[in-house]
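One-letter residues, chain by chain:
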Amino acid sequence: MVELSSPERVYFPDAGLTKAGYRDYLLGVADRLLPHIANRPLSLLRCPDGIGEDCFFQKHYTKGLPDGFRSVDIEEKDGGREPYIYIDDEAGLEACAQFGALELHPWGAQVGTLEKPERLIFDLDPDEGYDFSDLKDTARDIRDLLETAGLAPHVMVTGGKGIHVIAPLDASNDWDEVKSFAKGFATALERHDPARYVAQASKAKRKGKIFIDWLRNQRGQTSVAPYSVRARKGAPVATPLRWEELSRVSSGHDYTVDSLPRRLSSLKSDPWDGYFDHAAPLKSGALDWARSALKD
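Computed from a predicted model, the values in this text were never measured in an experiment.

Thresholds applied
- Residues numbered from 1 in each chain as written.
- Predicted model: local features only at pLDDT ≥ 70, side-chain atom pairs only at ≥ 80, totals over all residues.
- Heavy atoms only, no water.
- Disulfide = S-S within 2.5 Å.
- Pairing = 2+ DSSP bridges.
- Helix = DSSP H or I, 4+ residues; strand = E, 2+ residues; numbered from the N terminus.
- Axes fitted to C-alpha atoms, helices over the stretch in contact; angles between N-to-C directions.
- Contact = heavy atoms within 4.5 Å.
- Buried < 20%, exposed > 50% of the residue type's maximum accessible area, 1.4 Å probe, protein only.
- Core = buried A, V, L, I, M, F, W, Y, C linked by side-chain atoms within 4.5 Å.
- UniProt positions renumbered as here; feature names shortened; annotations may be inferred.
- Phe/Tyr/Trp six-rings, centres within 6.5 Å; stacked < 30°, edge-to-face > 60°.
- Lys NZ or Arg CZ within 6 Å of the ring centre and 35° of its normal.

(A) Local environment of the state of the cysteines. Tallied over the full model, the rule gives one disulfide. Between the sulfur atoms of Cys47 and its disulfide partner Cys55 the distance amounts to 2.1 Å. Between Cys47 and Cys55, the S-S torsion sits near 120°, and that sign places the bridge as right-handed. Free cysteine: Cys96, not disulfide-bonded; nearest cysteine sulfur from Cys47 at 13 Å.

Printed below as a string of structure tokens:
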């Protein structure tokens, strides 16, 4: 057990969520959260004094970190090696609470197989004021296209304004293959409906559109974990859904630290039941199948 210093410190003033309360939330969802972050390098959004003060990302392991954090050396772009943070159990979650790590962003690969990604992810990032109903339609369209490519997409509201569509992979492809598919898929969507979609990160080109963010499908890139809290007012939570539930949410931040546990206690089964069993390869020709489906 990681001892908390200043457990009464308030991390989310408007929600009244303290360090101890945040620790209790993480441990309460540990069975659902850990399978998606354990043994994966993490980028942690730290807000040691709460969301009203300075927040910053930390990914490198340094001396003096709380017990529960682990270190793995990873080769970086310049050829050097640096120690990265990861966790593997509930003590790691307690360390995150002690550390003021209010958002948990894992790699798409595990520390033992860093060159073999285990997910394909599209972050549907709408322009300000974009119709959320249309964003949900886009998520369903992407689901249908990925299914034509032999994948099993899952859906998550991000705790912000967007939606993630995530397909588990069986770690048989490398980063270049996954990146190439993701970029080609997003570009095909933009070409199919350029008034609605954009595949480039340029803010100037995103006005009134949905950015199909494929960039997270690259080595070293991270994405917010399922059940991670977001460092925003109200303590919203990135929340996995069943596809049939998507019609019932009104925003990407419908669920919070307060309401998410009640949601989970009311469910008869996990909304992502069988997620890891659905892992599949990116087969040869998968992008061509998806492109053909766009033309139908």
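Okay, back to it.
(B) Representation of the sheet that holds strand β3 (residues 42-46) within the structure. Taken together, three strands build an open sheet; the order of strands is β4-β3-β7 and the sheet is antiparallel. Strands at the two margins of the open sheet, each flanked by one partner only, are β4 (56-58) and β7 (101-106). Across this sheet, the average inter-strand angle for adjacent strands is 25°, counted without regard to direction. Along the sheet, helix α3 (residues 90-99) makes contact with β3, β4 and β7, crossing β7 at roughly 130°.

(C) Layout of the pairing of strand β6 (residues 81-86). Sheet topology places strand β5 (residues 70-75) next to β6; six bridges connect them, and they run antiparallel. Bridging across to β6, Glu75 finds its partner in Arg81. Two successive antiparallel strands, β5 and β6, enclose a turn made up of five residues, where Gly79 displays a positive phi of approximately 90°.

(D) Seen up close, the sheet that holds strand β9 (residues 154-157). Strand order in this open sheet of six strands is β11-β12-β8-β10-β9-β13, and the pairing throughout is mixed. Of all the strands in the sheet, the pair left with one neighbour each is β11 (197-198) and β13 (239-241). Across six bridges, the pairing between strand β8 (residues 119-126) and strand β10 (residues 163-168) is antiparallel. Within β10, the residue paired with Arg119 across the bridge is Pro168. Strands in contact with helix α4 (residues 132-148) are β8, β9, β10, β11 and β12 (210-213); relative to β8, the strand with the most contacts, it is inclined by about 155°. Together, β8, β11 and β12 form the strand contacts of helix α5 (residues 175-192), whose direction differs from that of β8 by roughly 35°.

(E) Structural view of the pairing of β7. Counting buried residues in β7 gives six out of six residues, a clear majority hidden from the surface. Two elements, β3 and β7, share five bridges in a ladder whose sense is antiparallel. Looking across to β7, one finds that Leu42 is bridged to Pro106.

(F) Main features of the nonpolar core. The biggest cluster of nonpolar side chains holds 82 residues, and the ones touching the most others in it are Leu104, Leu120, Phe122, Leu124 and Phe185. With residues up to four places along the chain from it excluded, the contact list for Phe185 reads Phe122, Ile142, Leu145, Leu146, Leu287 and Ala290. With eight residues, the next largest nonpolar core counts Val72, Tyr84, Tyr86 and Trp107 among its residues.

(G) Highlighting the UniProt feature "domain: DNA ligase D polymerase" (unreviewed entry) in the protein chain. Sites flagged by UniProt as "domain: DNA ligase D polymerase" (unreviewed entry) map to residues 18-272. Between the C-alpha atoms that bound residues 18-272 there is a distance of 29 Å. The span itself is 27% helix and 21% strand.

(H) Spotlight on α3. By the criterion of burial, α3 is predominantly enclosed, with eight of the 10 residues buried. All buried positions along α3 are accounted for by Gly92, Leu93, Glu94, Ala95, Cys96, Ala97, Gln98 and Phe99. Of the surrounding elements, those touching the buried residues of α3 are β1 (10-12), α1 (19-28), α2 (30-37), β3, β4 and β7. Looking one or two places after α3, you find Gly100, whose phi comes out positive at around 70°.

(I) Structural context of the packing of aromatic side chains. Counted under the stated rule, the structure contains eight aromatic pairs. Between Trp107 and Trp175, the ring centres sit 6.4 Å apart and the planes meet at 85°, which makes this aromatic pair edge-to-face. Remark: Trp175 occurs in helix α5 and Trp107 occurs in the loop between β7 and β8; sequence separation between them is 68 residues. The pair Trp107 / Trp175 is uniform in exposure class, with both members buried. Its guanidinium or amino end placed over the ring of Phe99, Arg46 lies 3.5 Å from that ring's centre, counting from NZ or CZ. Across from the ring centre of Tyr255, 5.1 Å away, lies the NZ or CZ of Arg263, which sits over that ring.

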